[in-house]
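# Overview (structure and organization)
So the chains spell out like this:
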Amino acid sequence: MSLNSKERTYSKNLELIIPQANDVVERQDFVTNWEKIDTHLLTHADHFILGNNDWTGLIYEQKQNNTGSISYVQDKGVVVKGSVWLTLRMRLPIDEESTYFAKVKVKKDQTPTTDNALFYAGAKSLNNNFENISSDGQTQYNYFLASMEKLEQDQAYTFEGEISGYNPKKSDENDNGSRNKFDPGANYFDMVIICNYNTQADTSEHATIIQSLEVYKAPKKMIVTGETKIEGSENSKLVIAKDKLTYNGAKVLTADDYITPDAKNISIEDTNNNFNADNVEGALSELFQDVSDGKSKIATAITDVDGSKDSKGSDTFDELAQDIKNIKINKSFTGHELPANSYHPTHRYWNIGGHGTSSNCITVDNAGNVYTGSSSGEVRKFNSSGNVVWSYQSGYIITDIVELLGNVYCSMYHFFNGYVGIHKLNKNGIKVWDYQGHGAVVYGLAISPTGYLYSGGEENKIHRINTNNGVKLWEYTGHSDDISAIAVEGDNYIYSASWDNTLHKIRVSDRKRMWNFTQHTDDVNTITIDKDGYIYSGGSDNKVYKINPSNGAKLKTYTFAGAGVIYDIAVDQSGYLYTCGEDHILRKTRISDGALMWKYEGHSKKINQIAVDTSEYVYSISEDQRMHKISGKYRLEL
């Protein structure tokens, strides 16, 4: 259960290389790429994010005393020594009706025993020529984010603020305006940060670390839950401080804003050409007719098999389902399985989207509830009918997810600010704790029957975590490359798969490695255990191995023509193996002899993870942003 490490990906708009696991890369140079970044910000951006990487190339103006300096320190951030004013080139367009939310994280790294040194952060208003204008009653810059903040030695601070609309043009000396508004006539804005400011004393020995900066534009209109309804855009991003209950700059919709047109006047976008009609009323009519025809065909099929039934196309679906359950087959049949290519997407139960980006991970509990996570940062719980029970937005890329007794554990990370964490969510989708003990991206999670969580990823370590309080109990450091997946055997043993091409069995009590399986010739990406305790591992070498848990001996090898890299595997209670590879195909294989039962080709892009429930329904989640549920049981010839 892991993300693929071998594929090279690029940023959507700027086509900058996105580093992957195991890559040896230099940091992206903001100076080298500035022409692309500048053009993109002017035409597309509604947000601006800087982490603890080297963004000093974005500084285009700075004022400082003779001893002031700006430098980048690896994995810490941008360090400012002495009294320095710096301006960051953002050029975010100003929308008068929108609100801009910002957050900056700083830390005082060095403070002499005497003198105060203050911190400021705010907006520099720009005209169409990107020249600074100061036309309101505020100071030259509007410090909506931080103003005259005194930072204490070794203390970390997070400042949040918002700015929207325009101040009136200054009319007299008493007209001070608001620091939370732009200068009148401004078309763009940059961010201004002042560190270690003191006009009365020498602050050259003061040092402040800027750890991250984020600026987000809230759209003119957006949709939020609760009584307030605000219309919005699916591409908009919004960050609101925890205590923000109102939305400045957004339009609250009233009854006058809503219309109820006729269905025949509402056009539809039918990208898959499912309908002949081009409006809602026509599409509903076609859909009704298709359902009616389908029910008639089902009724005919029932009576063909069992002449004692009086099924009709006018029967309800519940009545037809009951007739099917009570069919008496008078024909003899051999029970032969159909050819492998006989499984067709029409036997799909669910085809659910909505994450908006690549869907990365999936798990299912004993009650048939399904949990998914995606690159958009969203975790969702579906009930057994496919309806959303709750949705949790983490703000980070979700890499894996596990469940125990209704509680959900999901690993996640952020490309830019370096955040890596594991969140525990309760039965209602509310965050209980946030574990940040890993130093790099976590790819694999597993949980024991008694509630101990195991996690591993890029730093080649496995952590054992107490799920009651999110505290780490121990580490295992036996692998030499990324850990991609983990499985548990009761409370006594765990199994770890790694991109060092090995699989380890580890005793929980003393972290001793019991055996090391080395048959794979490429990354081991996934691991699972069947009801009898046998281990299965799948890798980038297009092989799945069945392994004896007692001694680590290979029992059987499975290969899959055309599948390429094996991304994930699952086993059911009846002795069948399910695999997904880079050819977008889900396969069912009989474990006893390796016979291929069927292939499912309903996804249009790579399948990232699969899961099987106790009723042998199979769930798959894909980069095509869809989750499918299909029946894992093979059909019989009559």
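The rules we used
- Residues numbered from 1 in each chain as written.
- Predicted model: local features only at pLDDT ≥ 70, side-chain atom pairs only at ≥ 80, totals over all residues.
- Heavy atoms only, no water.
- Helix = DSSP H or I, 4+ residues; strand = E, 2+ residues; numbered from the N terminus.
- Buried < 20%, exposed > 50% of the residue type's maximum accessible area, 1.4 Å probe, protein only.
- Contact = heavy atoms within 4.5 Å.
- Areas by Shrake-Rupley, 256 points an atom, 1.4 Å probe, with all protein chains shown as cover.
- Salt bridge = Lys/Arg side-chain N within 4 Å of Asp/Glu carboxyl O.
- Pairing = 2+ DSSP bridges.
- Axes fitted to C-alpha atoms, helices over the stretch in contact; angles between N-to-C directions.
- Phe/Tyr/Trp six-rings, centres within 6.5 Å; stacked < 30°, edge-to-face > 60°.
- Lys NZ or Arg CZ within 6 Å of the ring centre and 35° of its normal.
- Patch = residues over 30% accessible without salt bridge, like charges linked within 9 Å, V, L, I, M, F, W, Y side chains within 5 Å.
- Core = buried A, V, L, I, M, F, W, Y, C linked by side-chain atoms within 4.5 Å.
- Lys, Arg positive; Asp, Glu negative; His and termini not counted.
- Polar contact = N/O pair within 3.5 Å; in protein donor to acceptor, adjacent residues only side chain to side chain.

### Thoughts on the overall build of the protein chain
When you go through the protein chain residue by residue, the secondary structure sums to 3 helices and 41 strands. Looking at the protein chain as a whole, 48% of its 638 residues qualify as buried. Restricting to contacts in the protein chain with at least 6 residues of sequence separation, those with at least 24 account for 53%. Entry remark: accessible area of the protein chain is about 31000 Å², with carbon and sulfur atoms responsible for 44%.

### Some remarks on the pattern of salt bridges
By the definition in use, this model includes 11 salt bridges. Between Lys312 and Asp315 there is a salt bridge, with its nearest N and O atoms 3.8 Å apart. On the accessibility criterion, Lys312 (39% relative accessible area) is partly exposed. We note a salt bridge from Lys606 to Glu623, for which the minimum N-O separation is 3.3 Å. Here Lys606 is found in the loop between strand S38 (596–600) and strand S39 (607–612), whereas its partner Glu623 is found in the loop between strand S40 (617–622) and strand S41 (627–631), with 17 residues between them in sequence. Look at Glu623 and you get partly exposed, because its relative accessible area is 25%. The network of salt bridges with shared partners includes Lys461, Lys472 and Glu475.

### Focus on the pairing of strand S7 (residues 84–93)
Of all 10 residues that make up S7, 7 are buried, and the element is covered over most of its length. Direction of pairing for strand S4 (residues 59–64) relative to S7: antiparallel, over a ladder of 5 bridges. The residue of S7 that forms the bridge with Gln62 is Leu86. Bridge count for S7 against strand S12 (residues 188–197) is 7 bridges, and the pairing is antiparallel. Across the sheet, residue Thr87 finds its bridge partner in S12, namely Val192.

### Here we look at the sheet that holds strand S37 (residues 586–590)
Read across the sheet, 4 strands follow the order S35-S36-S37-S38 without closing on themselves; strand pairing throughout is antiparallel. Whereas interior strands pair on both sides, the edge strands pair on one side only; in this sheet they are strand S35 (566–571) and S38. Neighbour to neighbour, the strand axes of the sheet diverge by 20 degrees on average, direction disregarded. Bridging between strand S36 (residues 576–581) and S37 involves 5 bridges; their strand directions are antiparallel. Bridging from a neighbouring strand, Thr579 pairs with Arg587 of S37.

### Here we look at the packing of aromatic side chains
Within the structure shown, the criterion is met by 21 aromatic pairs. Taking 5.3 Å as the distance between ring centres and 80 degrees as the angle between the ring planes, the aromatic pair formed by Tyr100 and Phe189 counts as edge-to-face. Here Phe189 lies in strand S12 and Tyr100 lies in strand S8 (residues 99–110), a separation of 89 residues in the sequence. Just as Tyr100 is buried, Phe189 falls in that class too. With a centroid separation of 6.0 Å and 45 degrees between ring planes, the pair formed by Tyr409 and Trp433 is classed as tilted. Of this pair, Tyr409 sits in strand S20 (residues 407–413) while Trp433 sits in strand S22 (residues 431–435), and the two are 24 residues apart along the sequence. By the burial criterion, Tyr409 is buried, and Trp433 matches it. Directly above the ring of Tyr617 sits Lys629, whose terminal nitrogen or CZ lies 4.4 Å from the centroid.

### Describing the pairing of strand S6 (residues 77–81)
Counting buried positions over the 5 residues of S6 gives 4, a clear majority of the element. Across 5 bridges, the pairing between strand S5 (residues 69–73) and S6 is antiparallel. Bridged to Ile70 within S6 is Val80.

### Some thoughts on the sheet that holds S41
The strand order across the open sheet formed by 4 strands is S14-S41-S40-S39, and the pairing between neighbours is antiparallel. Of all the strands in the sheet, just strand S14 (348–352) and S39 have a single pairing partner and so form its edges. On average, each strand axis in the sheet is tilted by 15 degrees relative to the strand beside it, whichever way the strands run. With 5 bridges connecting them, S39 and S40 associate as antiparallel partners. Following the sheet pairing, Gln609 is matched in S40 by Ile621.

### Regarding unusual backbone geometry
Negative phi values dominate among residues other than glycine, just as trans dominates among peptide bonds. Of note, Asn501 is a non-glycine position whose phi angle comes to about 75 degrees, a positive value. Within the secondary structure layout, Asn501 lies in the loop between strand S28 (493–498) and strand S29 (503–507). A positive phi angle is found at Asn542, which is not glycine, with a value near 65 degrees. One can find Asn542 in the loop between strand S32 (535–539) and strand S33 (543–547).

### Things to note about a nonpolar patch on the surface
Side chains of Leu284, Leu287, Val291, Ile298, Phe317 and Ile324 sit close together on the surface and give an oily, nonpolar patch of about 520 Å² of accessible area. Secondary-structure elements contributing two or more residues to the nonpolar patch are helix H2 (280–305) and helix H3 (317–325). Take the nonpolar patch: its biggest share by element is 4 residues, from H2. Here Leu287 lies in helix H2. The class for Leu287 is partly exposed, based on a relative accessible area of 42%.

### Topic: the environment of Trp598
Positionally, Trp598 belongs in strand S38. Note on Trp598: relative accessible area 2%, which makes it buried. Spatially, the C-alpha atom of Trp598 lies 8.5 Å from that of Leu586, the residues being 12 residues apart in sequence.

### A word on the nonpolar core
One finds Leu88, Phe119, Phe189, Met191 and Ile210 to be the most contacted residues of the largest nonpolar core, which totals 36 residues. If one sorts the elements of this core by residue count, S7 sits on top with 5 residues. Discounting residues that sit within four places of it in the chain, Phe189 has contacts with Met90, Arg91, Leu92, Ile94, Tyr100, Ala123, Lys124, Leu126, Phe182 and Val215. Of all hydrophobic cores here, the second largest spans 17 residues; its members include Leu404, Trp433, Leu445 and Ile465.

### Re the side chain of Lys381
In this fold, Lys381 is placed in strand S17 (residues 378–382). Within the buried set, Lys381 has no salt-bridge partner at all; the shortest N-O distance to an opposite charge, 5.3 Å, is to Asp365.

### Quick notes on the environment of His438
Within the secondary structure, His438 is located in the loop between S22 and strand S23 (442–447). You can call His438 buried: its relative accessible area is 8%. Measuring from C-alpha to C-alpha, the distance between His438 and Ile462 comes to 9.2 Å, with 24 residues separating the pair along the chain. Within polar-contact distance, the side chain of His438 engages the side chain of Ser455 at 2.7 Å. A polar contact is formed between the side chain of His438 and the side chain of Glu459, at a distance of 2.4 Å.

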